[in-house]
Amino acid sequence: MVGRKSFGGSGGLFGAPLSRRSALKRMGAGGLGALAASTGLSGVARAADAPTTIVSWASAGQRWEFPEKGVLPLFKKKFPNIDVQIFAEPIGDMLAKTAVAMASKSDRYDVIFDDYNYSPQFIAEGALENLEPYLDKDPEFKKDILADIPENVLDLYRDKPAAQGGKLYGLPPDSNCQMQYYRADVFEKAGLKPAETWEDVIENAKELSKGGVKVTGTTMRRGFWAGAAFITLLRCHGGDWFDKMEPGGWKVQLDTDEGHKAMDVLMRLVPYMEPTALNASDDEANTAMLNGTWTYAPFEWGGSTMNDPQYTKFADVWKVAVVAKGANDKGHHAPHMGGLGLIMPVYSHNKDAAWEWIKFCTSGDKQDPAIGKAWVENAGQPARISLLKKYTSIRPYFAGMMESLPVAMRFLPIPESNALYEIVGTEIAAVVIGQTQPDQALKNMQKQATRLMTKGGYYKS
Amino acid sequence: MSAAASLPQWQRREKLVALLLLGPAVLYLLALSIYPTIYSLWIAFHNYSLYRRDLVSFSGFDNFTDLLDSDVFKQSFAVTLIFAFSAVAIELALGFAIAVLLDRKMRAANVLRTLLIIPVLISPVAMGLTFRYIFAPTYGLLTYLMKSVHLPTADWTVSVTWALPVVIFADVWQWTPFVALIVLSGMQSVSTEVTEAAELDGLTEWQKLWRIVVPLIRPVLLVVVLIRLIDSIRMFDLVYVMTRGGPGSTTEVLSLFSYVTGFASGDMGSASAIAWVTVILVNILVAIFLRFLSKTS
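None of the values given here were measured: they were computed from a predicted structure.

1. Considerations on the overall build of chain A
When you go through chain A residue by residue, the secondary structure sums to 18 helices and 11 strands. Expressed along its principal axes, the backbone C-alpha trace of chain A runs to roughly 100 × 55 × 55 Å. Considering chain A as a whole, with its 461 residues, one finds that 57% of them fall into the buried category. Long-range contacts, defined here as pairs at least 24 residues apart, represent 72% of the contacts in chain A between residues at least 6 apart. For chain A, the distance from the average position of its 52 positive side-chain charges to the average position of its 54 negative side-chain charges is 8 Å.

Structure representation (structure tokens):
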């Protein structure tokens, strides 16, 4: 026929000459068939496999990835049929990605080791599995964990406080709060003491920078990090986000006397901050503290590697104290409460196996003393008081954490929390690099936060 | 009788086979390209918060007009334009110079050209991380080297002055070879008869380059500038890895601003609006360049 080329000369694959069109059709059909067959075969293969594989997503490094990997061999011994794949990313990247994953209903992760700050929005989205039914199946474990983890820490993973009948949507193997980190050797040499008030902090930072090198730092990256830093200062001076967090309240209180005092302290501290601090998240802050670039971090998130000689040669000299208070009448110690907990997305297809992993990681010494030991020795920072007390000998800063946790204040228990911290953090980052004036920044954050709360329907009568 | 019914059976079968074979590709395009594009346009005209989807509502052009009030958006827009035009201008100048140097008979020319393309093959993330540690202010390699020879240093990636130039440097380092190779291929496509005639007329090398070669390769130059401009305006990975948009929002380009707005603040409506502003900006540039191109042709 005109326009048709044949392959195979006088005989193609099946004896008759094969036209180009026929060859293409057969190749296409063959490709589709192979695709269908491979999907079917892998399905058969999966059915035949015994072990269940779960994916546990954690922030990379200390406190999260390392302790999970530390207890994993013990878990495998107890649950040989559950294979845990630990997937880790730097915390500065990971947290926002968990919001994306939950919003897109991803079923890729069975357990996520996530910041409690994201719990309110995930619970509001219906993305988290309620863990109460799992806890009710093991009353002994439930009783133990409720007794050993402070209620204000467990409340971070509830839809509302336990006193109001809240349900647990996560369990914390990790707890944290901001602390005043200082290098005891450097302080001793300079004749300094940990600060009691924020004026003392500024004096310490000024004194430490007298050699021409700035060594004070904190996490001041635009967004969540800088936002948390400013809100700590605000709270330490007696202020807070809102007048009251209940119907009829929710009036934003950023552009207030306390806000101005907090901003004033920040602006007097910034000139003594080491440059990396201006764009630092936890990853950069921990690196700077471990390698000796920073010797003073007046309000820094807990870092279990600071006292671990395998990560730093300064393990013996990093000490902690409670974060300073404002020097005004309303001043009080008000570090931010931190901490990450294990949550189970409702989209997981391996919930029973995921629950075993969560229970194992949070069991402390309950199931096996080796678990608590492995967790702490692999840079974990436990939420269980029993573990904090038991391992103070190898992690001296645990004592400081136990002192700080009772006065620590949480992020907001509303879905708008992250967005509000982003608003504040954006303005603060602009102020510290001189792009905005402090007074204007306070006005901007007040206006934007109020607009966000209005959109959220908090002012409807 | 309908047109379809009048076709012989073998032609109808051929059409069906063609549809079946094209089907997966079309479905893929629809699902992963066309539908998300239209959906993002829909989101841009709505108040859409990731964490308060119970409050999704039509907002008209509010998301776009709110951007005009946003200092961070204005900053991002300016940073994007400064980054794109600076990087592309430097890449064009350096790339052209390298192309001129390579456009001659010399030993190992092929080897040189192969080595030249290596930066383009490196993943931007890997390259960005490397440059981040080179330019780290206190413990980076560059600071160390400069201090060891008693030269003054700067805060590089955390400096309001230097952060953007550092990112531009990294981008220029990676993409100048690409520009050089495209321009070189344009130069080598110029007919030797033309250049020989120019030599016979007594033109110097310099005159030959500017009066003969450059006008002839102008379409090539326009195309490579357009490609690089589009890529630069959309750039995300290099800035994200090197500076995360900081310090403050000094290096926060539009694509990164859109990401932070959408996934950190949860405001997908505004994030989509920013993305569409970027699309409009790119399309305006393309329209301008295509006009130049058609005039040149």
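Don't stop here, the text continues.
2. What to know about empty space enclosed by the protein
Under the defined criterion, the tally for this structure stands at 4 cavities of 30 Å³ or more. Approximately 360 Å³ is the volume attributed to the largest cavity. Contributing elements (two or more residues each) for the lining of the largest cavity: α3 (91-103), α10 (224-236) and α17 (417-432) of chain A together with α14 (254-264) of chain B. For the lining of the largest cavity, the residue count by class is 11 nonpolar, 7 polar and 5 charged.

3. Some details on the interface of chain A and chain B
Across the boundary between the two partners, chain A contributes 41 residues, which contact 37 residues of chain B. Between chain A and chain B, the buried area comes to about 3,200 Å², and carbon and sulfur atoms account for 52% of it. Inspection of the chain A/chain B interface yields 3 salt bridges. With a closest N to O distance of 2.8 Å, Arg 52 of chain B and Glu 416 of chain A form a salt bridge.

4. Section: the pairing of strand β7 (residues 176-183) of chain A
All names here are of chain A. For β7, the buried fraction is high: 8 of the 8 residues fall into the buried class. Sheet analysis places β7 next to strand β10 (residues 337-338), joined by 2 bridges and oriented antiparallel. Paired with Asn 176 across the bridge in β10 is Gly 338. Pairing of β7 with strand β8 (residues 296-301), which is carried by 4 bridges, proceeds in the antiparallel orientation. Note on β8: the bridge partner recorded for Met 179 is Glu 300.

5. Observations regarding the sheet that holds strand β6 (residues 170-171) of chain A
Residues and elements named next belong to chain A. Strand order across the open sheet formed by 5 strands is β4-β3-β5-β11-β6, with mixed pairing between neighbours. Two strands close off the open sheet at either side, each with one partner strand: β4 (82-89) and β6. Across 2 bridges, the pairing between strand β3 (residues 52-59) and strand β5 (residues 111-115) is parallel. Along β5, the bridge assignment pairs Trp 57 with Ile 112.

6. Topic: the packing of helix α2 (residues 65-78) of chain A against helix α13 (residues 351-361) of chain A
Residues and elements named next belong to chain A. Here α2 crosses α13 at 120°, and the two axes come no closer than 10 Å. As summarised for this structure, α2 and α13 are arranged oblique, according to the angle between their axes. The way α2 lies across α13 gives a crossing that is right-handed. Contacts between α2 and α13 involve Glu 68, Val 71, Leu 72, Leu 74, Phe 75 and Lys 78 on the former and, on the latter, Glu 356, Trp 357, Phe 360 and Cys 361.

7. As for the layout of surface pockets
Of the volumes computed, that of the largest pocket is approximately 1,100 Å³. As for the largest pocket, its lining consists of 43 residues, of which Ile 423, Gln 448 and Arg 451 of chain A together with Ser 70 and Asp 267 of chain B are closest to the centre. When contributions to the lining of the largest pocket are tallied by element, the ones reaching two or more residues are α17 and α18 (438-455) of chain A together with α3 (62-69), α4 (71-102), α14 and α15 (268-296) of chain B. A per-element tally of the lining of the largest pocket places α17 of chain A first, with 7 residues. Looking at the lining of the largest pocket residue by residue, the classes come out as 14 nonpolar, 17 polar and 12 charged. Both domains that furnish three or more residues to the lining of the largest pocket are identified here as domain 1 (9-58) and domain 2 (66-296) of chain B.

8. Observations concerning the pairing of strand β11 (residues 340-343) of chain A
All names here are of chain A. A two-sided burial pattern is seen for β11, the buried positions comprising Leu 340 and Leu 342 on one face and Gly 341 and Ile 343 on the other. In terms of strand pairing, β5 meets β11 through 4 bridges, oriented antiparallel. Of the residues in β11, the one forming a bridge with Phe 113 is Leu 342. Bridge analysis of β6 against β11 gives 2 bridges, and the strand direction is antiparallel. The partner of Leu 171 across the bridge, within β11, is Leu 342.

9. What to know about the confidence of the model for chain A
Here chain A averages 89 in pLDDT, and 92% of its residues register 70 or above. Segment residues 1-14 of chain A: pLDDT under 50, and 21 contacts once partners within four positions in sequence are set aside and those in other chains are kept.

10. Some thoughts on a nonpolar patch on the surface
Residues and elements named next belong to chain B. Together, Leu 22, Val 26, Leu 27, Tyr 28, Leu 29, Leu 30, Leu 32, Ile 34 and Ile 38 give the surface a local cluster of nonpolar side chains, amounting to about 910 Å² of exposed area. Considering the arrangement of structural elements, one finds Ile 38 in helix α2 (residues 9-44). Residue classification places Ile 38 among the exposed residues on the basis of a relative accessible area of 54%.

11. Thoughts on unusual backbone geometry
Comment: phi is negative for the bulk of residues other than glycine, and the bulk of peptide bonds are trans. Residue and element names in this part refer to chain B. Cis rather than trans, the peptide bond between Gly 246 and Pro 247 has omega equal to 0°. If you trace the backbone, Pro 247 turns up in the loop between α13 (237-242) and α14. Here His 150, not a glycine, exhibits a phi torsion of approximately 60°, which is positive. Given a relative accessible area of 73%, His 150 falls into the exposed group. With phi around 35°, Trp 156 is a residue other than glycine that occupies positive phi space. Along the chain, the position of Trp 156 falls in the loop between α8 (141-148) and α9 (163-188).

12. Let's talk about the domain arrangement of chain B
Residue and element names in this part refer to chain B. Annotation of chain B at the domain level lists domain 1 (9-58) and domain 2 (66-296). Each of domain 1 and domain 2 was reduced to a C-alpha centroid, and the two centroids are 33 Å apart. Contact with domain 1, which involves 10 residues of that partner, is made by 10 residues of domain 2. Carbon and sulfur atoms make up 66% of the surface buried where domain 1 meets domain 2, a total of about 710 Å² over both sides. Per-residue buried area on domain 1 facing domain 2 is highest for Ala 44, Tyr 48 and Leu 50; these three make up 48% of the total on that side. On inspection of domain 1 and its partner domain 2, the count reaches 0 salt bridges.

13. Description of the side chain of Asp 110 of chain A
Residue and element names in this part refer to chain A. Along the chain, Asp 110 turns up in the loop between α3 and β5. One buried charged residue, Asp 110, forms no salt bridge at all, with the nearest opposite charge on Lys 351 at 9.0 Å. In this structure the side chain of Asp 110 is engaged in a polar contact, spanning 2.8 Å, whose partner is the backbone nitrogen of Val 55. Of the polar contacts made by the side chain of Asp 110, one reaches the side chain of Ser 348; its length is 2.6 Å.

14. Details of the nonpolar core
Counting 143 residues, the largest nonpolar core has Leu 171, Trp 198, Trp 357 and Ile 428 of chain A as the members making the most contacts within it. Here this core takes 10 residues from α10 of chain A, the largest share from any one element. Other than its neighbours up to four places away in sequence, Ile 428 of chain A contacts Met 220, Ala 226, Phe 230, Met 263, Leu 266 and Met 445 of chain A. The next biggest cluster of nonpolar side chains, apart from the first, holds 39 residues, and it includes Leu 67, Met 187, Phe 257 and Leu 285 of chain B.

Thresholds, definitions, all that
Residues numbered from 1 in each chain as written. Chains lettered and ligands numbered in written order. Predicted model: local features only at pLDDT ≥ 70, side-chain atom pairs only at ≥ 80, totals over all residues. Heavy atoms only, no water. Helix = DSSP H or I, 4+ residues; strand = E, 2+ residues; numbered from the N terminus. Buried < 20%, exposed > 50% of the residue type's maximum accessible area, 1.4 Å probe, protein only. Contact = heavy atoms within 4.5 Å. Lys, Arg positive; Asp, Glu negative; His and termini not counted. Charge placed at Lys NZ, Arg CZ, Asp CG, Glu CD. 1 Å grid on protein atoms, 1.4 Å probe; cavity = no way out; pocket = protein on both sides within 12 Å on 5 of 7 lines; lining within 4 Å. Points joined across faces, edges and corners; volume = space filled by probe spheres on them. Nonpolar A, V, L, I, M, F, W, Y, C, P; charged D, E, K, R; others polar. Buried area = accessible area lost by both parts, 1.4 Å probe. Salt bridge = Lys/Arg side-chain N within 4 Å of Asp/Glu carboxyl O. Pairing = 2+ DSSP bridges. Axes fitted to C-alpha atoms, helices over the stretch in contact; angles between N-to-C directions. Parallel < 35°, antiparallel > 145°, perpendicular 65-115°, else oblique. Left-handed = near helix turned anticlockwise from the far one by under 90°. Domains from an automatic or database assignment. pLDDT = per-residue confidence, 0-100. Patch = residues over 30% accessible without salt bridge, like charges linked within 9 Å, V, L, I, M, F, W, Y side chains within 5 Å. Areas by Shrake-Rupley, 256 points an atom, 1.4 Å probe, with all protein chains shown as cover. Polar contact = N/O pair within 3.5 Å; in protein donor to acceptor, adjacent residues only side chain to side chain. Core = buried A, V, L, I, M, F, W, Y, C linked by side-chain atoms within 4.5 Å.

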